[in-house]
Each structure stands twice: as structure tokens, then as C-alpha cells.
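Geometric and topological summary
Given next are the chains, with one letter for each unit.
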Amino acid sequence: MLKQPHLKYRAFAPISLPDRRWPGVQITQAPLWLSTDLRDGNQALIEPMDPERKLRMFQMLVKIGFKEIEVGFPSASQTDFDFVRMLIEDGQIPDDVTIQVLTQARQPLIERTFESLVGAKRAVVHLYNAVAPVMRRVVLGMTEDQIVDLAVTHTAMIREMAARQPETDFRFEYSPEMFSGTELAFSKRVVDAVTEAWGPTPERKIIINLPTTVEHSTPNVFADMVEWMHRHIERRESVILSVHPHNDRGTGTAAAELALMAGADRIEGCLFGNGERTGNLDLVNIALNLYTQGVPPGLDFSDIDEVRRCVEHCNQLPVHPRHPYVGELVYTSFSGSHQDAIKKAFSARKEGDIWEIPYLPIDPKDLGRSYEAVIRVNSQSGKGGISYLLESEYGIEMPRRLQIEFSQIVQGVMDTHGKELGAADLWQIFDREYGVKQAPALQPQIGTAEDGQTTVQAQADLCVRMIKVDGQGRGPIDAFVEGLNKQLQTQVRVLDYHEHALGSGADAQAVAYLELRVGEATLFGVGMDSNIASASLKAIVSGLRRAAQRGVLKLVRLQTV
Ligand SMILES: CC(=O)SCCNC(=O)CCNC(=O)[C@H](O)C(C)(C)COP(=O)(O)OP(=O)(O)OC[C@H]1O[C@@H](n2cnc3c(N)ncnc32)[C@H](O)[C@@H]1OP(=O)(O)O
Ligand SMILES: CC(C)C(=O)C(=O)O
């Protein structure tokens, strides 16, 4: 065994392009898109799609807005051949959509390919052959000249066959397979020869597609290679320069974006990055990256979960929960500081503002997702997340110091159970702690004394005892506290007061949050009632009951009801 096994690998070589321009380029428009889900994606599946799945995928791609769709390798299998026939014969191809099919540079395969396309209005015939040194040497056993000849001969053959089926508007794509592992000068030689053999014009361009069949360099090297081709190939004005990245190093998206900056016009890939090995380029990722820069991608992902369901059904492969833009967890923050920032940014945001929500690069609603899962609470969460959930799901707008108090209570529960808490769990904890829903009746009678002061008579169940309250003050709260203090050894003071309405119309409720000083302790009480004064009095009782449970409340007189 080798002592240093890494020494069997060769490092990729940088490209000499000192005046490279791509690093300063900004992408300001969407590329032409080609979905190869039904070809490169399909050929990588454990079980290739059956006709039902193929059609469902095709229809989804059309619905998303793809105008060029590679639908298969019709000479490879009867299933692929029949699918192309079905699309054509059943009129499944909309007028503004062009199908594309792949073939090797072998006459019988090309003949079969043309057979599959009889009757199509438009089609792109896509020819490939490997050009990289290892493929020339090991797989094809051909010299450079023979490779050029292979490509040119079969391009000419396709041209002739296309001329024999004039009812179809044929376009042509050529891929020097393994371009990213090939000497640039040789790629240019093959591509120029093929372009000449096809004879494109600026009005009827050839598609030259540069694949990273296997990604084996950093994306800047691929960008250099694309820019070099963009600047050196002949008849550039008659060429649509396309790229076809794979994702072996996990940088397929970066490679595609840098390639666009380097001069590529068109991108091939699959939805959510299905495809050989680590997959093809993820087209959704690129499209939505553009979207978040204010560039319309021309593809519709406004119901991204529908697309995901379709892709999972057709590919019989799951999409990872952390997959960009679509994963189940990608709009969810668990950690406290993220939740805090999101909550504050949502509160500060006004209709029509630029989207600037920290930790949320895109508005989930733009993709048909809700804000429900944006914040989830576990042991990493803080007050921001907890209060966001109670506010968004139950309309509870806790004042800041109550948020701090309540988050410590939640943390205690979390430390005991260690599980995620949903909004309903938080509401249960809140209700249990502050006794909101089952608050004891107060039966308050609020009146006005001769001197204009407010009078309150009520009964208050303080856990330890039910007491009768009879007080007078500047308002109902003041009067109630005055009445309470006459009977309490531990004196009560109201430090802060917040209230808001919950719901509207006949069912509207007021929620009051009162911060109390009870002896040496400071704590909150919460009250809910259809009457705002009663909600406040209930909040005081709620706080005192909590104080009693902690043993910090002492009565002076035992004046029971
Ligand atoms: C990077 C890519 O994704 S390219 C697309 C790859 N996709 C597929 O291969 C899926 C569909 N393919 C198939 O079903 C089959 O490979 C077929 C039907 C096309 C051909 O099958 P077979 O004739 O049995 O050949 P096989 O698959 O073993 O291919 C190898 C032969 O094709 C030759 N070959 C490979 N690529 C090409 C090409 N682009 N042009 C011409 N010949 C080629 C090889 O040199 C080899 O030739 P040899 O038999 O003389 O050694
Ligand atoms: C046929 C070509 C474009 C291909 O699929 C690849 O090189 O990955």
C-alpha cells in the first residue's frame, strides 16, 4: 500500500489568462436554459423513469417555463425512442418549446435519432464525443486528428440527415465531452472544425456546449477556460456558448455562475441537481440566485414544493432537507441570535421595502412557502424565536422584559425534555405559567367615588386564599392595587403596563401584561378579557398567584369572601 496515497493524484493546472475579464462582470440577465432532467438526469437514476414519470416531468418543465428540454437519448433504448414519439404524435410539445435529443458520433445511432424525430416541428440534435487525452488514449483509441475527423464527419452526417427531413426545423448542438479535462487549444480545434462543418450564421446559430463532465478544478479555472473559448473560437457571433457543469467537487453552481460571467449564454442542468454521481448543475439554484439579485430568471418557482414533489416522484430520490431554496429546513432558524434578528427585521419591514431580512436570503412566500417554519424553538433558541412563534401563531405580543422572563421558563422546560417546541407547546407553557385561559373570575365592580376617584370591588383568588378587594385610586388598576395592599403584608407595585387587542369584532379580546414588584420580587402577570379593565386586573391576579406559588406573597388579614 502507498504510504502517501494522495500522491497518485495530479493537481489541475491553472490557465494562463492574465487579462481575464470575468472577475469584474456582473450577471444582469438570465441565460438560456436547457433542462436535461429527462436525459442526463434520467441516465443517472437507479431506475430510469417510466413513460408516466417522463411525461409528468416534461409537463412540469414546460409549466416552469423551460423553452429547451433535452428529452432523451432515443437511440439508446426503446423507452427513450417511444417517449420522443409520444411527445410528437400526441402533440405534447407547446409551440414555443424545442425538444433536444442526444446521440453519439455513430451512424446507426444518428439514423435512429432522426427516425425518432419524424414529424417534430423543431428539434435540437445534440452530438457528443470525448476529446480529453485520457479518453482519446484509453476509451476511443484515437489520435487528435481522428477525433476531429470523428466529430466533423458525424456533424456533416447530421446536417445531411436534417436536410432530408425538411418538415422539422433542426438546430445542432455539439459537446466536446470532458472539455474541462482537455487542452484548450485542442478543444478549440475540434469546436472550430465542427462549427465550420455545420455552417451556422448569426441568425441560425450552432450551440457549442462546454461540459465539466467531471468537475476537477476550482470554478475560477473553469471560468478562465470558458472565457478563453469565448474569446478565441471562430465565428463567435454564430455560436451560442453553452455550459454543462457537473458537481463532483460541490462547486457546480459556482462554476456555472462564473462561466456566465466569462461569456456563456446558455446553461444545461437539472432540477435540484439530479444527475450523474454528485449530479448536474442545479438549475433551480442558479435561477433563484439570479432572482435574489433582482434579475428575473424567466422560470417560475412560485410553488417550489410542487416542483419538489414532482421531481421526487419522477426520480424516486429525496431532496435533502438542507437543499438550497427548497429543502424543508432552509427557511428555518433554530438559533437564538438568528431568530432575534429575523423577528426584529420582520417588525421593522414595511410593505414595498427591499427584502432585507437577515438569515433569509429570499422571501419564502415568493416560493409558495409560509413563514410558519421560519423559526423553530429548541435548546439553541432565545427569546426572539419564542416570542416570534407566540406572536405569529397566537397574536401574543409580549413586551421585551416579559420575553426575557418567559424564555427562561421555556429554557427550563427545554433542559428537562430536550425536544423541539412548536408554537402550540409554547402556548401551553405560557398559558400554564400565567394562567391566561383559566383565570379565576374577579367579578369586578368599577365605579366612581364622590371625589372623582375610581373605586373597585372584586374578589381575587390568590392561590393561597380568596380575598375580597375594596380599593380606591386614580383608575381601576390603581384602585385594585390599593385594595390589595390593604390585605397584603407583601406590598405590590405596578412597574409597567402593556396591552393590545387580540382578534376583532365580537370575539375581540384585550390582553394585558403587567410587570409587578411584589416585595423584593419582580415578575409579570398576564390577563385576557373582553373588557380591557378586567384584563388588567386579571393580569395583576396572575402575577400575584405566581408570586404566591413562589412563596413571596404574604397576607396580613385573612378576609375571605
Ligand atoms: C457524459 C455523458 O453523459 S454522455 C451520455 C452517456 N449516456 C449514455 O451512455 C446513456 C445511453 N447509452 C447507451 O444506452 C449505450 O451506451 C448506447 C446504446 C448509446 C451504445 O451502446 P453500445 O453500442 O453497447 O456501446 P457502449 O455503451 O458499450 O459504448 C461504448 C462504445 O461506444 C464508443 N463511444 C463512446 N462514446 C462515443 C461517442 N460519443 N461517439 C462515438 N463512439 C462513442 C466507445 O468507444 C465504445 O466503442 P467500442 O465498442 O468500439 O469500444
Ligand atoms: C453529453 C455531455 C454534454 C454530457 O452529458 C457531459 O459531458 O456531462
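Counting from 1, residues in each chain are numbered in the order their sequence is written. Chains and ligands are labelled by the order in which they are written, letters from A for the one and numbers from 1 for the other. Local features are withheld for residues below a pLDDT of 70 in this predicted model, meaning they are given only at 70 or higher, and side-chain atom pairs are given and counted only at 80 or more; totals for whole chains, interfaces and linings count all residues. To obtain the side-chain values, all non-hydrogen atoms of the structure were used and water was disregarded.

Put simply, the test is: UniProt positions are given in the numbering used here, feature names are shortened, and annotations may be inferred rather than shown by experiment.
As annotated in an unreviewed UniProt entry, the chain carries the name 2-isopropylmalate synthase and comes from Roseateles amylovorans. The record held by UniProt for the chain lists under Function (unreviewed entry) the comment "Catalyzes the condensation of the acetyl group of acetyl-CoA with 3-methyl-2-oxobutanoate (2-ketoisovalerate) to form 3-carboxy-3-hydroxy-4-methylpentanoate (2-isopropylmalate)." According to its UniProt record, the chain has this under Sequence similarities (unreviewed entry): "Belongs to the alpha-IPM synthase/homocitrate synthase family. LeuA type 2 subfamily."

A short note on the sheet that holds strand β14 (residues 521–529)
The criterion, for reference: Two strands are said to pair when DSSP picks up at least two bridges between them. The helix count covers DSSP runs of H or I at least four residues long, the strand count covers runs of E at least two residues long, and both are numbered beginning at the N terminus. Helix axes are fitted to C-alpha atoms over the stretch in contact, other axes to C-alpha atoms as well, and angles between N-to-C directions run from 0 to 180 degrees.
Taking strand neighbours across the sheet as the criterion, the three strands line up as β12-β13-β14 in an open arrangement whose pairing is antiparallel. Each end of this open sheet is capped by a strand with a single partner; those strands are β12 (492–502) and β14. The average angle at which neighbouring strand axes cross in this sheet is 15 degrees, direction not considered. Across nine bridges, strand β13 (residues 509–518) lies against β14 in antiparallel orientation. If you follow Leu516 over to β14, its bridge partner there is Leu523.

Observations regarding the packing of aromatic side chains
To keep things clear, this is the line we draw: Pairing of aromatic rings covers Phe, Tyr and Trp, the last through its six-membered ring, and needs centres within 6.5 Å; plane angles under 30 degrees mean stacked, over 60 mean edge-to-face, and all others mean tilted. Geometrically, a charge over a ring is one whose NZ (Lys) or CZ (Arg) sits within 6 Å of the ring centre while staying within 35 degrees of the ring normal.
A full pass over the atoms with the stated rule returns twelve aromatic pairs. Following the ring pairs from residue to residue traces out a cluster consisting of Tyr394, Phe406, Trp427, Phe430 and Tyr434. Taking the ring centre of Phe81 as reference, the NZ or CZ of Arg112 above it sits at 3.6 Å. The lysine or arginine in question, Arg136, covers the ring of Phe186, its NZ or CZ lying 4.7 Å from the ring centre.

Topic: the pattern of salt bridges
Using the following cut-off: Think of a salt bridge as a Lys or Arg side-chain nitrogen and an Asp or Glu carboxyl oxygen that are within 4 Å of each other. Accessible area is worked out with a 1.4 Å probe on protein chains only. A residue is then buried under 20% of its type maximum, exposed over 50%, and partly exposed in between.
The tally for this structure, following the rule as stated, stands at 40 salt bridges. With its nearest N and O atoms 2.6 Å apart, the salt bridge here joins Asp192 to Lys188. Of the two residues, Asp192 and Lys188 are both situated in helix α7 (residues 184–198); the distance of four residues between them amounts to about one turn of the helix. For Lys188, a relative accessible area of 19% corresponds to the buried category. Lys538 is paired through a salt bridge with Asp529; the nearest N and O atoms lie 2.8 Å apart. On the basis of relative accessibility, which here comes to 15%, the residue Asp529 falls in the buried class. A network of salt bridges, in which partner residues are shared, links Glu68, Arg171, Glu173, Arg266 and Glu268.

Considering the UniProt feature "binding site: Mg(2+)" (unreviewed entry) in the chain
This is how the line gets drawn: Residue contacts follow a heavy-atom distance rule, with two residues in contact if any of their heavy atoms lie within 4.5 Å.
In the numbering adopted here, UniProt assigns the feature "binding site: Mg(2+)" (unreviewed entry) to Asp40, His244, His246 and Asn280. Taken along the chain, the residues just named run across 241 residues; in space they keep tight, none of their C-alpha pairs more than 10.3 Å apart. Apart from the residues lying within four places of it in its own chain, the contact partners of His244 are Thr36, Arg39, Asp40, Asn209, Leu210, Pro211, Thr212, Glu268 and Asn280. Tracing the backbone shows His246 in the loop between β7 (239–245) and α9 (252–261). Relative accessible area serves as the criterion here: at 3%, His246 is assigned to the buried category. For His246, the contacting residues outside a window of four places in its chain are Asp40, Thr212, Thr213, Glu215, Gly252, Glu276, Arg277, Gly279, Asn280 and Leu281.

Describing the site of ligand 2
Selection criterion: Residues are labelled near a given molecule or strand when at least one of their non-hydrogen atoms is within 4 Å of it. Think of a polar contact as two N or O atoms within 3.5 Å of one another; within protein, one of them needs to be a possible hydrogen donor and the other a possible acceptor, and neighboring residues in sequence only count if both atoms come from side chains. Using a 1.4 Å probe, the Shrake-Rupley method yields the accessible areas, and only the shown protein chains count as cover for residues.
What surrounds ligand 2 is the set Arg39, Asp40, His126, Tyr128, Ser175, Glu177, Asn209, Pro211, Thr213, His244 and His246. One nitrogen or oxygen atom from the side chain of Thr213 is found 2.5 Å from an oxygen atom belonging to ligand 2. Contact distances for ligand 2 include 3.2 Å between an oxygen atom and a side-chain N or O atom of His244. Protein contacts shield 94% of the accessible area of ligand 2, which totals 260 Å² for the unbound molecule. Those elements that place two or more of their residues in the shell around ligand 2 are α1 (37–43), β4 (122–130), β5 (169–177) and β6 (206–212).

Comments concerning the domain arrangement of the chain
In many analyses, interface size is given as the accessible surface area lost on bringing the parts together. Using the following cut-off: Note that the domain bounds reflect an automated or database-derived domain assignment.
Domain annotation of the chain identifies domain 1 (25–315), domain 2 (336–434) and domain 3 (445–549). For domain 1 versus domain 3, the distance between C-alpha centres works out to 72 Å.

Section: the UniProt feature "domain: Pyruvate carboxyltransferase" (unreviewed entry) in the chain
In the numbering used here, UniProt assigns the feature "domain: Pyruvate carboxyltransferase" (unreviewed entry) to residues 31–305. Secondary structure content for residues 31–305 is 44% helix and 19% strand, while the C-alpha to C-alpha distance between its ends is 24 Å.

So, the sheet that holds β7
In a beta sheet, neighbouring strands pair by backbone hydrogen bonds and run either parallel or antiparallel. One closed barrel holds the eight strands; their spatial order is β1-β2-β3-β4-β5-β6-β7-β8, and the pairing between them is parallel. Direction aside, the axes of adjacent strands within the sheet are offset by 25 degrees on average. Pairing geometry for β6 and β7, over seven bridges, is parallel. Pairing of Ile206 across the sheet is with Val239, part of β7. Those strands touched by α9 are β7 and β8 (266–269), and its axis lies near 165 degrees from that of β7. Docked against the sheet, helix α10 (residues 283–291) engages β1 (32–35) and β8, running at close to 155 degrees with respect to β1.

So, the site of ligand 1
Quick note on the threshold: Each residue gets one of three labels, nonpolar for Ala, Val, Leu, Ile, Met, Phe, Trp, Tyr, Cys and Pro, charged for Asp, Glu, Lys and Arg, and polar for the others, Gly among them.
Every one of the 16 residues lining ligand 1 counts as a neighbour, but Gln43, Ala105, Arg106, Tyr128 and Glu177 are closest to it. Side-chain polar atom of Gln104 to a nitrogen atom of ligand 1: 3.4 Å apart, as the coordinates give it. Take Tyr128: an N or O atom from its main chain is 2.7 Å from a nitrogen atom of ligand 1. Relative to its free-state accessible area of 1,000 Å², ligand 1 is covered by the protein chains to the extent of 56%. Counting residues per element, the ones that place at least two in the shell around ligand 1 are α1, β3 (98–104), β4 and α5 (133–140). Split into classes, the residues belonging to the shell around ligand 1 amount to eight nonpolar, four polar and four charged.

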